[in-house]
2 protein chains.
Amino acid sequence: METELLKVYGDRKSQPTRAILIFCKVNGIRFEEVEIRLFTSDVQTPEYQAIHPLKKVPAVAYGDFTLFESHAILTYLACWYQVPDHWYPADLRKRAKVQSVLDWHHTTLRYGSTRYLINTVLAPTFGKTPSPQAAAEYEQTLVQSLSTIETLWLKGDSKFLLGNDQPSVADLALVCEIMQLHMIPDEERKRIIGPFKKVQQWIANIKEATNPHFDEIHQHLFDAIASSKQNTA
Amino acid sequence: METELLKVYGDRKSQPTRAILIFCKVNGIRFEEVEIRLFTSDVQTPEYQAIHPLKKVPAVAYGDFTLFESHAILTYLACWYQVPDHWYPADLRKRAKVQSVLDWHHTTLRYGSTRYLINTVLAPTFGKTPSPQAAAEYEQTLVQSLSTIETLWLKGDSKFLLGNDQPSVADLALVCEIMQLHMIPDEERKRIIGPFKKVQQWIANIKEATNPHFDEIHQHLFDAIASSKQNTA
């Protein structure tokens, strides 16, 4: 039945795409990466719309089975490939806690982070004028989210979220989101993340737990940022 | 071990609270409902903050085990109580599709709906002035979300989302969100929902599948709306 190879559709500049790619590589899941470049005609083709009708990234396909929404993909892959339990625990209560962080992510960290970027460095990409007022508002949400990670999800001295000594899919999803802040000038990023020492250590812990894949997959983002800075210099 | 009774903390005026209460009642789950009134000191007590440190509703507790984020709660309860499979299928691919709708909900329907309400009828509650410009923007997101439900999630002639003939937790979560639009004047609500015939039929299907609990739990919302209209008349 399962002769088809998993296909992962995405753009390494997209934080949820990177989370899925790192997850697959760390867990030795065989897959074909299909680049779907954001803000290009790649998302508009009938072939891609059959996979992701909402024309976004990432998505996965396994023969006729297609799936989008990165959290749903991560938890599906964790179960389907029976990866080590810490990624998405079989214990219902531990699993529920991971799911709670994933749900929290949507409306807090991810909400603040993406809208902060859209109202600053990404404004031209979205055909918008950067809005300092909106940026300040979303920065507040972003900072509150980092504070919640620091004081609630990283409570105690554990290396990862929820008091765990090994990462879950929630750690990976959230850290990939925070890495997106490398798009803004270094001094801005340091101003925002600087006060959160545990968050910084946790990012280092995730890198360590998932390298060399973490760095390899993020290199594409860093290259794109460097190229963009050169073009606007 | 499980001598403790499940406690459900929430406010029936909150759409995710209602989804959990209806889910428990439909599935014959024994629980104690603890009213935590939104926008009151109920969410500020140390006792409640030990359950929901972010001071929101809903939350559940089972002895020492506490959980918040309504989607995480719904999927946890479905597994813990082994409710009929259609609510949250054991089949990994069917489950992943339900999870995909739940994730989609966060950033689309729920995002548009709650912000539309905050910028219209709920503005005074949030200490804001209603903003027609913001309301128009979020109405667009809301309408796009209803359109996605109509054309993508309700594709075909099935009674429920994803081509199913029985509801999942995603159906319940999304319909409770849409029911919140009863807070706005009838003509506004009809203007927004009117064009979406399948969505309207689907709401009726969910009611039918979960009554008398659906109506009973929603009555509190309707009473609050009636009382609010009387006060402002």
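Residues numbered from 1 in each chain as written. Chains lettered and ligands numbered in written order. Predicted model: local features only at pLDDT ≥ 70, side-chain atom pairs only at ≥ 80, totals over all residues.

## So, the relation of the copies chain B and chain A
Part 1: Mapping chain B onto chain A is achieved by rotating through 180° and translating by 0.0 Å along the same axis, at an RMSD of 0.0 Å. Expressed as a symmetry operation, the mapping of one chain copy onto the other fits a two-fold axis. Taking the C-alpha atom as reference, chain B places His106(B) closest to the rotation axis, 3.1 Å from it. (Least-squares fit on C-alpha atoms with pLDDT ≥ 70 in both.)

## Digging into the domain arrangement of chain A
All names here are of chain A.
Part 1: By the assigned domains, chain A splits into domain 1 (6-85) and domain 2 (88-232).
Part 2: Between the C-alpha centres of domain 1 and domain 2 the distance comes to 19 Å.
Part 3: Contact residues are listed per partner, giving 19 residues for domain 1 and 20 residues for domain 2.
Part 4: Put simply, the parts of the chain that give the side of domain 1 that touches domain 2 at least two residues each are helix H1 (15-26) and helix H3 (70-80).
Part 5: Element by element, the count of residues in the side of domain 1 that touches domain 2 is highest for H1, at nine residues.
Part 6: Of the residues assigned to the side of domain 1 that touches domain 2, the class counts are 10 nonpolar, four polar and five charged. (Domains from an automatic or database assignment. Contact = placed C-beta atoms within 7 Å. Helix = DSSP H or I, 4+ residues; strand = E, 2+ residues; numbered from the N terminus. Nonpolar A, V, L, I, M, F, W, Y, C, P; charged D, E, K, R; others polar.)

## Side note on the packing of helix H1 (residues 15-26) of chain B against helix H7 (residues 169-179) of chain B
Residues and elements named next belong to chain B.
Part 1: Interhelical geometry of H1 versus H7 gives an angle of 135° and a closest axis separation of 8 Å. Here H7 runs oblique to H1, going by the angle between their axes. In this structure, H1 meets H7 at a crossing whose hand is right-handed. When H1 is examined against H7, the residues Gln-15, Pro-16, Arg-18, Ala-19, Ile-22 and Phe-23 are found in contact with a partner set consisting of Val-169, Leu-172, Ala-173, Cys-176, Glu-177 and Met-179. (Axes fitted to C-alpha atoms, helices over the stretch in contact; angles between N-to-C directions. Parallel < 35°, antiparallel > 145°, perpendicular 65-115°, else oblique. Left-handed = near helix turned anticlockwise from the far one by under 90°.)

## Describing the interface of chain B and chain A
Part 1: Between chain B and chain A, the residue contacts involve 23 residues of the former and 23 residues of the latter.
Part 2: Those elements giving two or more residues to the side of chain B that touches chain A turn out to be strand S4 (65-68), helix H3 (70-80), helix H4 (92-107) and helix H6 (132-153) of chain B.
Part 3: The greatest single-element share of the side of chain B that touches chain A, amounting to nine residues, is contributed by H4(B).

## What about the sheet that holds strand S2 (residues 31-35) of chain A?
Residue and element names in this part refer to chain A.
Part 1: With respect to topology, four strands assemble into an open sheet ordered S2-S1-S3-S4, the strand pairing being mixed. Edge positions in the open sheet fall to S2 and strand S4 (65-68), since each of these has one partner strand only. Within the sheet, the average angular offset between the axes of one strand and its neighbour, ignoring direction, is 20°.
Part 2: One ladder, built from four bridges, connects strand S3 (residues 59-62) with S4; its direction is antiparallel. Paired with Val-60 across the bridge in S4 is Leu-67.
Part 3: Where H1 meets the sheet, its contacts fall on strand S1 (6-10) and S2, and the angle it forms with S1 comes to roughly 150°. (Pairing = 2+ DSSP bridges.)

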